[in-house]
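Now for the letters of each chain:
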Amino acid sequence: MASLSLKHIYKVYDNGFKAVNDFSMDIADKEFIVFVGPSGCGKSTTLRMIAGLEEITAGELKIGDVVVNNYAPKDRDIAMVFQSYALYPHMTVYDNIAYSLKISKVPKEEIDKRVREAAESLNITEYLDRKPKALSGGQRQRVALGRAIVRNPKVFLLDEPLSNLDAKLRASMRSEITKLHQRLQTTFIYVTHDQVEAMTMGTRIVVMRSGFVQQIDTPKNIYNYPANKFVAGFIGTPQMNFYDAVYDVKEDNIYLDMGFAKIRLLKDFLPKIKDQVIVSGKKVVVGVRPENIYLYNDKMDSDKLDIIDAKVTVVEALGSETIVYADLDLENERGITDNSTEVRIKMLSNFDVKVGETVKIAVDLERIHLFDAESEESVIQRIPDVFSSDANIEGNKLSIYGKEITLPEAVLSQVHDGYVSVNVPTAAVELGGKYSGEIVHKDVVDTQNLYWIQSGKSIVFLKTPLDVNLEGKVNFDINIAAMKLSGEDYVAHRINLLAKLPVQAVLPSKEQLQFKSNDDLFNVPFDIAQKMFNTKGKKLLKTNISVLFNTDNDGPLHFKAKVLSILDYGDFKYAKVDYFGNQFFVVDKGYNSGDEITVNLDLDDALITDEDMNIILVGQEPRRLQKIDNSKAE
Ligand code: ATP
């Protein structure tokens, strides 16, 4: 039994190919983790690095509390099961299972006990005397599992163990492995390219693509809240329908215009959309799962549905369900290879539709997905980080949610009277307090409840593990200091105080590593130096390194920089400074342009990156960068 921690793990093969990039995750004891993704995405490489069969290029791997980067596979207390079974053909099943115990010189009686127990649990006792060639694929895979079980490993690693089996056997072995996991109460990590295995077996799934983790979450959350278009398309059969669209903002409604058809964007969606700026003509990708499109009948509640005509092109009757393929563009005949207007609909088999027929389909508007047209990231937030509410300012009074509050001085700078939109972090909303509203909707995300509270014209999001009575009024409070105001012609700024310095590592003595930037030398703390050497060895001294740090931290190290200009936001003032061509911001302490000032550097809190290979050597991901809008301030 063991937990695992993977921190900024990279694999760069000798030919320079980066198979795994910045893989970080904590795996709790007894979890069943599934790595899934298309061929070549890096899932086996990651598993093999955990097993110790592949060297870790950078990053830290812990099993339990122990960093095992430099441990041999046999010292990691793991057992691995391969797709190919890897059984010894000349040995009996018994000897195959017993082999590793014999090598470890476990007493004979103990070996016999463990082999028989494992065989019993896998239902292969009657084959113990047979050779592998006299077994079916499924039985061989059980032997391979048995060989892993007898070692009582802390962690089970399984690399596509079922992909050599036929579909029926795969399904039954799938549930056997799930049962085995429950019985053994051990951590399992399972690699597959089969999304059905991932969805049915994993307590959590890691979706990978081209060496990058796309999303780590429970099967349910991956399905309901895919982080991007790739995950949305990879998980779920038949695949989610995607359409390129543009927003069409009309007075009564916002529409998603796909060219051949338009659907409404329900108002409920708006507060959850990440990028609040929705203007006509802005591109967006619409996603709808085949099970969220129905064959329309007039008994359906059409408030949350949009009805579109579609011409049926293919009908696949699968017994319990039917997959209907239809074309949404009734005007144009499209070539056989153009499926951009095709819709896949998953429905129960008792519907009877014929090829060539035009049918009315109903799109469930509550269940659509939206993706940014450029980045392909989902624009719908599961739990919004920030939402905006309408408010009014008069003097130093802000009216919001039907109450008036006096603005703290820090917020007052550059604020004019009139209507404003207030950005409120969801984390700043608490249950109980002076504001009140009505709960209009509830989502359950992981262990949290997300309540949508209507207060005046605004929707307020309240995240809480508590159950709140859905009837009547609910009271809430907001931490005013966490609010941000924005109006028509100003934005209350917060400047990003992260700065990036290019450095070279130098070794003036055996005990001390230093960073050199221009003529400045900085002593690197011993633990940081050690981590960097562990990762890069002697090559560290030839590597281009960058240090990302917060200029507002007190630090033991200092360097001189020149003030270029002062940015004045009223209560907040920042100095823009230059250090040999590198420009960044520091908090102003009454500086003037042209001053030479001292900047602090704290390597303990910095993010140190190998620039040549673009891998993190030490430190944490930086805080989310905030865009600096110089145009308004300077
Ligand atoms: P599959 O399901 O096909 O096994 P995978 O997701 O498990 O795919 P990996 O086996 O982890 O993929 O391989 C990830 C990438 O690394 C692939 O593009 C592969 O070609 C590449 N790769 C693997 N081994 C090496 C190697 N020794 N040298 C260079 N590149 C390699």
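Residues numbered from 1 in each chain as written. Predicted model: local features only at pLDDT ≥ 70, side-chain atom pairs only at ≥ 80, totals over all residues. Heavy atoms only, no water.

Peer 1: Can you walk me through the sheet that holds strand S28 (residues 473-478) in this structure?
Peer 2: Strands belonging to one sheet form pairs held by backbone hydrogen bonds; the direction of such a pair is parallel or antiparallel. Pairing is antiparallel in the open sheet, where 4 strands are placed in the order S27-S26-S25-S28. In this open sheet, the two strands that pair with only one neighbour each are strand S27 (458-464) and S28. The mean angle between the axes of side-by-side strands here comes to 50 degrees, regardless of whether they run parallel or antiparallel. Alignment of strand S26 (residues 448-455) against S27, held across 7 bridges, turns out to be antiparallel. If you follow Asn449 over to S27, its bridge partner there is Thr464. (Pairing = 2+ DSSP bridges. Helix = DSSP H or I, 4+ residues; strand = E, 2+ residues; numbered from the N terminus. Axes fitted to C-alpha atoms, helices over the stretch in contact; angles between N-to-C directions.)

Peer 1: I keep staring at the packing of helix H3 (residues 108-122) against helix H4 (residues 137-149) and nothing clicks. Help me out?
Peer 2: Geometrically, a packed helix pair is captured by the angle between its two axes and the distance between the axes. In contact at an axis separation of 9 Å, H3 and H4 are set at 140 degrees when each is read in the N-to-C sense. Taken together, the axes of H3 and H4 lie oblique to each other. As H3 packs across H4, the resulting crossing turns out to be right-handed. Between H3, through Ala118, Ser121 and Leu122, and H4, the contact on the second element is made entirely by Arg142, Leu145, Gly146 and Ile149. (Parallel < 35°, antiparallel > 145°, perpendicular 65-115°, else oblique. Left-handed = near helix turned anticlockwise from the far one by under 90°. Contact = heavy atoms within 4.5 Å.)

Peer 1: Any chance you could explain the site of the ligand here in plain terms?
Peer 2: Not every one of the 13 residues close to the ligand is listed here, only the nearest: Ser39, Gly40, Lys43, Ser44 and Thr45. A distance of 2.6 Å is found between an oxygen atom of the ligand and a side-chain nitrogen or oxygen belonging to Ser44. About the coverage of the ligand: the protein hides 61% of its 640 Å² of free accessible area. The element contributing the most residues to the shell around the ligand is helix H1 (residues 43-51), with 3 residues. Grouping the constituent residues of the shell around the ligand by class yields 5 nonpolar, 6 polar and 2 charged. (Near = heavy atom within 4 Å. Polar contact = N/O pair within 3.5 Å; in protein donor to acceptor, adjacent residues only side chain to side chain. Areas by Shrake-Rupley, 256 points an atom, 1.4 Å probe, with all protein chains shown as cover. Nonpolar A, V, L, I, M, F, W, Y, C, P; charged D, E, K, R; others polar.)

Peer 1: How should a nonpolar patch on the surface be read in this particular structure?
Peer 2: Residues Tyr88, Tyr99 and Ile103 make up a contiguous nonpolar surface patch of roughly 270 Å² in combined accessible area. By secondary structure assignment, the location of Tyr88 is in the loop between strand S6 (78-81) and helix H2 (93-103). (Patch = residues over 30% accessible without salt bridge, like charges linked within 9 Å, V, L, I, M, F, W, Y side chains within 5 Å. Salt bridge = Lys/Arg side-chain N within 4 Å of Asp/Glu carboxyl O.)

Peer 1: What is the right way to read the packing of H2 against H3 from this model?
Peer 2: Where H2 meets H3, the closest approach of the two axes is 10 Å, and the angle between their N-to-C directions is 135 degrees. If you check the angle between H2 and H3, you find them oblique. Seen from above, H2 lies across H3 with right-handed handedness. Facing H2, whose interface residues are Tyr94, Ile97, Ala98, Leu101 and Lys102, H3 presents Ile111, Asp112, Arg114, Val115 and Arg116. Class assignment for the residues of the contact of H2 with H3 results in 6 nonpolar, no polar and 4 charged.

Peer 1: Whenever I open this one, the sheet that holds strand S30 (residues 498-509) confuses me. Can you help?
Peer 2: Across the sheet, which stays open at both edges, the 6 strands sit in the order S32-S31-S30-S33-S38-S39 with antiparallel pairing between neighbours. Strand pairing shows two members of the sheet lacking a second neighbour, strand S32 (520-524) and strand S39 (615-618), which therefore form its edges. Ignoring which end each strand starts from, the neighbouring axes of this sheet average 40 degrees apart. Of the strand pairs in this sheet, strand S33 (residues 544-550) and strand S38 (residues 607-610) are connected by 4 bridges, and their pairing is antiparallel. Bridge assignment links Ile545 to a residue of S38, and that residue is Asp610. In the packing of helix H10 (residues 526-536) onto the sheet, the strands contacted are S30, strand S31 (512-517), S32, S33, S38 and S39, and the crossing angle to S39 comes to about 140 degrees.

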